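# Structural overview for review
Take a look at the letters that make up each chain.
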Amino acid sequence: MTETRPGPTYRLVDLITAVYAVVVGAVALRVAPSAPGCWWVAGGHLLILPLIWLVRRPGLGRVGRFIAEVYPIALIAALYTALDVLRGPTRPAVHDALIQEWEAAIFGGQPSRDWWRAHPSLFWSTVLHGAYFMYYAIVPLPVLWFWFRRDLPALRRTVLIEMSAFVFCYFWFVFFPVAGPYYEFARPTGAFVQTFTARLVYGALATGSSYGAAFPSSHVAASVAAAGSAWLGDRRLGGVLIVFAALLTVATVYCQMHYAIDATAGLLVGGSAVWVVGRRITRNA
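For the structure given in this document, a descriptive report is provided here. (Residues numbered from 1 in each chain as written. Predicted model: local features only at pLDDT ≥ 70, side-chain atom pairs only at ≥ 80, totals over all residues. Heavy atoms only, no water.)

## Focus: the overall build of the chain
When you go through the chain residue by residue, the secondary structure sums to 16 helices and zero strands. Since a compact globule built from 285 residues should have a radius of gyration of about 19 Å, the 20 Å found for the chain is in line with a globular shape. Its C-alpha atoms give the chain principal-axis dimensions of about 80 × 50 × 35 Å. Taking all 285 residues of the chain together, the buried fraction comes to 50%. As displayed, the chain has an accessible area near 13,700 Å², and 67% of this comes from carbon and sulfur atoms. (Helix = DSSP H or I, 4+ residues; strand = E, 2+ residues; numbered from the N terminus. Rg over C-alpha atoms; globule rule 2.2 N^0.38 Å. Buried < 20%, exposed > 50% of the residue type's maximum accessible area, 1.4 Å probe, protein only. Areas by Shrake-Rupley, 256 points an atom, 1.4 Å probe, with all protein chains shown as cover.)

Put into structure tokens, the structure is as follows:
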């Protein structure tokens, strides 16, 4: 009698990733005739499907198991870059005028444009640009921390929470593009942007910014999701990351990277991901 080998076992994070890949792949195929780079975007997104199948096969070694746990977060940089290619050779219509109307109605003006001009500070420029740059550490840190601690429930919860926040934001970027104050207003100049941390941020943006990816702020949403999921698994790590996530949220507005409403929406997305996914769906993980 032939023994039947068990097949792949899929998780909720696989479904979220697969749905996103299929939808964006379909959008890329639709616009590819006028934007040839989108053929690559479509192909790359659709290749995520066999990747999911590969990492869910039984019998993986240590490296394979690591990839299986973290692959959604490892894909984020490529998915974000693909959003810019998806816009095509010309910048698409964006909804900044509407967002600026909301901004004025809620906050009484344009804080992202006016705040740093009214209160320029080399100290706060240094601190808050540094906090903004910390995004690149905040997101992967709890994932790696729980992997090295071999805390698989906390690791899987973290990846699911973070990926939920990212995918929600990225869907908005695809169907409701907002350029943000970084593109819409005259950029900060002078000593304010000559600090070491400001140069780091502007250097990173020069190589990896995506036009139309402002609302909601995925920087804020993912940082809050990472900090909240870290808190659920390790209060000490979570406490540290919450401080950095709070500073980053302020930095997105003060450093003119996002509208205040972008940051507010990012807080809601990240907080909701922690609450809905972390507390309810995976509370027994």
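Now that the structure is up, let's keep going.
## Let's talk about the environment of glycine 43
On the secondary structure map, glycine 43 appears in helix α2 (residues 37-46). Residues glycine 43 and glycine 25 lie 18 residues apart in sequence; the distance between their C-alpha atoms is 7.1 Å.

## Remarks on the side chain of serine 210
Inspection of the secondary structure assignment puts serine 210 in the loop between α13 (196-208) and α14 (218-233). Classification of serine 210 by relative accessible area gives buried; the value is 3%. Not counting residues up to four positions away in its chain, the partners in contact with serine 210 are Tyr80, Leu83, Asp84 and Tyr183. (Contact = heavy atoms within 4.5 Å.)

## With respect to helix α6 (residues 96-107)
The terminal C-alpha atoms of α6, which comprises 12 residues, lie 15 Å apart, in line with the 16 Å expected from a rise of 1.5 Å per residue. Immediately beyond the C-terminal end of α6, within one or two residues, lies glycine 108, with a positive phi of roughly 75°. (Expected span 1.5 Å × (residues − 1).)

## What to know about the pattern of salt bridges
Overall, the coordinates contain six salt bridges when judged by the stated rule. Between arginine 56 and aspartate 14 there is a salt bridge, with the nearest N and O atoms lying 2.7 Å from each other. On the criterion of sequence distance, the pair formed by arginine 56 in the loop between α3 (48-55) and α4 (62-74) and aspartate 14 in helix α1 (residues 12-31) is long-range, its members being 42 residues apart. The two residues arginine 56 and aspartate 14 agree in class, both being buried. Where arginine 113 meets aspartate 114, a salt bridge forms, and the shortest distance between an N and an O atom there is 2.8 Å. For aspartate 114, a relative accessible area of 32% gives the class partly exposed. It is possible to trace a salt-bridge network through shared partners that takes in Arg11, Glu69 and Arg156. (Salt bridge = Lys/Arg side-chain N within 4 Å of Asp/Glu carboxyl O.)

## Remarks on the state of the cysteines
One pass over the structure, following the stated rule, counts zero disulfides. Among the cysteines around cysteine 255, which has no disulfide bond, cysteine 169 carries the closest sulfur, lying 19 Å off. The class for cysteine 255 is buried, based on a relative accessible area of 0%. (Disulfide = S-S within 2.5 Å.)

## Some remarks on α13
Here α13 spans 19 Å end to end across 13 residues, near enough to the 18 Å set by a 1.5 Å rise per residue. For α13, the full list of buried residues reads Thr197, Ala198, Val201, Tyr202, Ala204 and Leu205. Projected down its long axis, α13 shows its buried positions confined to an angular sector of 160°, all on one face. The exposed residues of α13 that point more than 90 degrees off its buried face are Phe196, Ala206 and Thr207. Residues of α13 that are buried sit in contact with α8 (122-133), α9 (135-138) and α12 (181-184). (Arc of directions from axis to C-beta.)

## Description of the packing of helix α5 (residues 76-86) against helix α11 (residues 152-175)
A packed helix pair is summarised by two numbers, namely the angle formed by the two axes and the spacing between the axes. Their axes nearest at 11 Å, the elements α5 and α11 cross at an angle of 5°. Here α5 is positioned roughly parallel relative to α11, judged by the angle of their axes. Residues Ile76, Leu79, Tyr80, Leu83 and Leu86 of α5 lie in contact with α11, whose contacting residues are Met163, Phe166, Tyr170, Phe173 and Val174. (Axes fitted to C-alpha atoms, helices over the stretch in contact; angles between N-to-C directions. Parallel < 35°, antiparallel > 145°, perpendicular 65-115°, else oblique.)

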